[in-house]
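As a plain string of letters, each chain reads:
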Amino acid sequence: MSNTPLCRLTSADFQKEIDGKKTDLIILSNKNKAEVAITNYGGSIVAIMVPDAKGNMANVIQGHDNIDDCIKSPEPFLSTLVGRYGNRICHGKFSLDNKEYQLAINNGPNHLHGGPTGFHARVWDIIESTPQSVSLSYTSQDGEEGFPGTLVMTVKYTWTDANELFIEYEGTTDKKTIVNMTSHGFFSLAGIADPTPSAMDLICEINADHFLPIDENSIPTGIIQKVEGTPFDFRTPHIIGARIDNTEDIQIKNGAGYDHCYVLNKKEPGEFSFAAKVTDPMSKRVMEVYTTEPGIQFYSDNWADGYKGQHGATFPRRSAVCFEAQHFPDSPNHPYFPSVVLVPGQVYTQKTMYKFDIDK
């Protein structure tokens, strides 16, 4: 009997020493033989092998098949962990206790996703591993990428027998700082291929009555706007591509499609609740997202150019969708947004789950 995993990835292809730390590949498998493959380089999820309605298994997340391609990926955040701060901070500036901090600028005039050497580009320590879970840890030193405080972050991935991928975060700091973690999965429910099919035919539902409009630099204007009457209304299921090219809508224009944070409907802050659902009408694969976070960034993969990925797959524009559970972009500069401040003695926590199923 072959021990080759369904994803056809091997640890040897992911093993390298970077700054004295070793990278590797961890494959989680459940009773359904469904798999999740993760590398401790950036905590990147490189494969999620789940069945379609006919039982055919395919990888439904975009990734690479070796460590060198992960490191030099044209999309540096391809299905990686993101930190210390997911999303954008205007001009890379924020203040804590009347002291201004300047972060790296790596997205037009803004700081994005923790900077060019953020958590996506770090080797995480593998601190615990079982057949269905793995825990990674990273210590971000005071001043790294401009952030104050030494932050110790632990992320645990658990792959259940119900094809649920739980991602749980815990972090502590020795100095007042800001934290906004996320996982930037690029999901392709039809399965990655050459070329990977468009994700614009997916049927999408987002549990949000409001979203955050952005300016021409993708920074929230500060308004919390109703989705009603806009192309952003996914309160009932809607085909993603149906309104994505509505260039008369300034928000579609500013985001080059969907690249906006939705304000999730919550009964109370921190409630672990339903956030979003996408269904692929061809394969009948379904993905549901649940999270404790107040927001979810819905990104329609607007900037991919057909670059190469795993096993010869290519990733054209809009061949994936991202649902990044997080606090709001640029929160430190909007006092009425939910706080992203973490102080010594507090524990940062987040729990997000991606559940894969078949449309009945």
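What this report covers is the structure whose coordinates are included nearby. (Residues numbered from 1 in each chain as written. Predicted model: local features only at pLDDT ≥ 70, side-chain atom pairs only at ≥ 80, totals over all residues. Heavy atoms only, no water.)

1. As for the sheet that holds strand S6 (residues 57-59)
Part 1 of the reasoning: Read across the sheet, 4 strands follow the order S3-S4-S5-S6 without closing on themselves; strand pairing throughout is antiparallel. Whereas interior strands pair on both sides, the edge strands pair on one side only; in this sheet they are strand S3 (25-29) and S6. Neighbour to neighbour, the strand axes of the sheet diverge by 15° on average, direction disregarded.
Part 2 of the reasoning: Bridging between S3 and strand S4 (residues 35-39) involves 5 bridges; their strand directions are antiparallel. (Pairing = 2+ DSSP bridges. Helix = DSSP H or I, 4+ residues; strand = E, 2+ residues; numbered from the N terminus. Axes fitted to C-alpha atoms, helices over the stretch in contact; angles between N-to-C directions.)

2. Brief notes about the environment of Thr158
Part 1 of the reasoning: Secondary-structure assignment places Thr158 in strand S14 (residues 151-159).
Part 2 of the reasoning: Measuring from C-alpha to C-alpha, the distance between Thr158 and Gln251 comes to 36 Å, with 93 residues separating the pair along the chain.
Part 3 of the reasoning: The residues contacting Thr158, other than those within four sequence positions of it, are Gln132, Ser133, Glu164, Leu165, Phe166 and Glu168. (Contact = heavy atoms within 4.5 Å.)

3. Quick word on the pattern of salt bridges
Part 1 of the reasoning: Scanning all chains against the criterion turns up 11 salt bridges.
Part 2 of the reasoning: Here Asp125 and Lys21 are joined by a salt bridge, their closest N and O atoms 3.5 Å apart. Remark: Lys21 occurs in strand S2 (residues 21-23) and Asp125 occurs in strand S12 (residues 125-130); sequence separation between them is 104 residues.
Part 3 of the reasoning: Residue Asp125 is classed as partly exposed on the basis of its relative accessible area, which comes to 36%. (Salt bridge = Lys/Arg side-chain N within 4 Å of Asp/Glu carboxyl O. Buried < 20%, exposed > 50% of the residue type's maximum accessible area, 1.4 Å probe, protein only.)

4. Things to note about the sheet that holds strand S21 (residues 238-239)
Part 1 of the reasoning: Taken in spatial order, the 9 strands line up as S12-S13-S14-S15-S30-S24-S23-S18-S21 in an open sheet, and their pairing is antiparallel. Strands at the two margins of the open sheet, each flanked by one partner only, are S12 and S21.
Part 2 of the reasoning: Strand direction decides the pairing type here: strand S23 (residues 273-279) and strand S24 (residues 285-291), joined by 6 bridges, are antiparallel. Across the sheet, the residue bridging to Thr279 is Val286, located in S24.

5. Some points on the side chain of Arg318
Part 1 of the reasoning: By the secondary structure assignment, Arg318 is in the loop between strand S27 (314-315) and strand S28 (322-326).
Part 2 of the reasoning: For Arg318, a relative accessible area of 7% translates into the label buried.
Part 3 of the reasoning: For Arg318, the contacting residues outside a window of four places in its chain are Ser198, Ala199, Met200, Ile244, Asp245, Ala256, Gly257, Ser300, Asp301 and Asn302.

6. Here we look at the nonpolar core
Here is a general trend for soluble globular proteins: nonpolar side chains tend to be buried in one another's company.
Part 1 of the reasoning: Ranked by internal contacts, the top residues of the largest apolar core, which has 57 residues, are Ile48, Tyr157, Tyr262 and Phe323.
Part 2 of the reasoning: Here this core takes 5 residues from S14, the largest share from any one element.
Part 3 of the reasoning: Ignoring sequence-local partners within four residues, the contact set of Ile48 consists of Glu35, Val36, Ala58, Asn59, Val60, Ile61, Trp159, Leu165, Phe187 and Phe356.
Part 4 of the reasoning: Formed by 13 residues, the second largest nonpolar core is a distinct cluster that contains Cys7, Ile18, Val46 and Met49. (Core = buried A, V, L, I, M, F, W, Y, C linked by side-chain atoms within 4.5 Å.)

7. Side note on unusual backbone geometry
Part 1 of the reasoning: In this chain, Gly83 is followed by Arg84 through a cis amide linkage whose omega measures 5°.
Part 2 of the reasoning: With respect to the helices and strands, Arg84 occurs in the loop between strand S7 (81-82) and strand S8 (88-89).
Part 3 of the reasoning: The residue after Asp194, namely Pro195, is reached through a cis peptide bond having omega -5°.
Part 4 of the reasoning: For Pro195, the location among the structural elements is in the loop between strand S17 (182-183) and strand S18 (203-206).
Part 5 of the reasoning: A positive phi angle, close to 55°, is found at Asp330, a residue other than glycine.
Part 6 of the reasoning: With respect to the helices and strands, Asp330 occurs in the loop between S28 and strand S29 (341-342).
Part 7 of the reasoning: Residue classification places Asp330 among the buried residues on the basis of a relative accessible area of 3%.

8. Here's the deal with the pairing of S23
Part 1 of the reasoning: Of all the 7 residues making up S23, 6 are buried; the element is thus mostly covered by neighbouring parts of the structure.
Part 2 of the reasoning: The sheet contact formed by S18 and S23 spans 4 bridges and is antiparallel. Of the residues in S23, the one forming a bridge with Glu205 is Lys277.
Part 3 of the reasoning: Counted along the chain from S23 to the antiparallel partner S24, the turn is 5 residues long, and its residue Lys284 has a positive phi close to 70°.

9. Section: the environment of Lys253
Part 1 of the reasoning: By the element assignment, Lys253 lies in helix H2 (residues 250-255).
Part 2 of the reasoning: The spatial distance from the C-alpha of Lys253 to the C-alpha of Ile206 is 20 Å, given a sequence separation of 47 residues.

10. Points about the state of the cysteines
Part 1 of the reasoning: Using the criterion set out here, one finds 0 disulfides in the structure.
Part 2 of the reasoning: Cys70 forms no disulfide, and the closest cysteine sulfur to it belongs to Cys7, at a distance of 12 Å. (Disulfide = S-S within 2.5 Å.)

11. Observations regarding the pairing of strand S15 (residues 164-173)
Within a regular strand, side chains alternate between the sheet's two faces.
Part 1 of the reasoning: Of all the 10 residues making up S15, 7 are buried; the element is thus mostly covered by neighbouring parts of the structure.
Part 2 of the reasoning: Examined bridge by bridge, S14 and S15 share 9 bridges and lie antiparallel to one another. Looking at the pairing, Trp159 lines up with Leu165 of S15.
Part 3 of the reasoning: Here S14 hands over to S15 after 4 residues, with Asn163 in that stretch at a positive phi of 60°.

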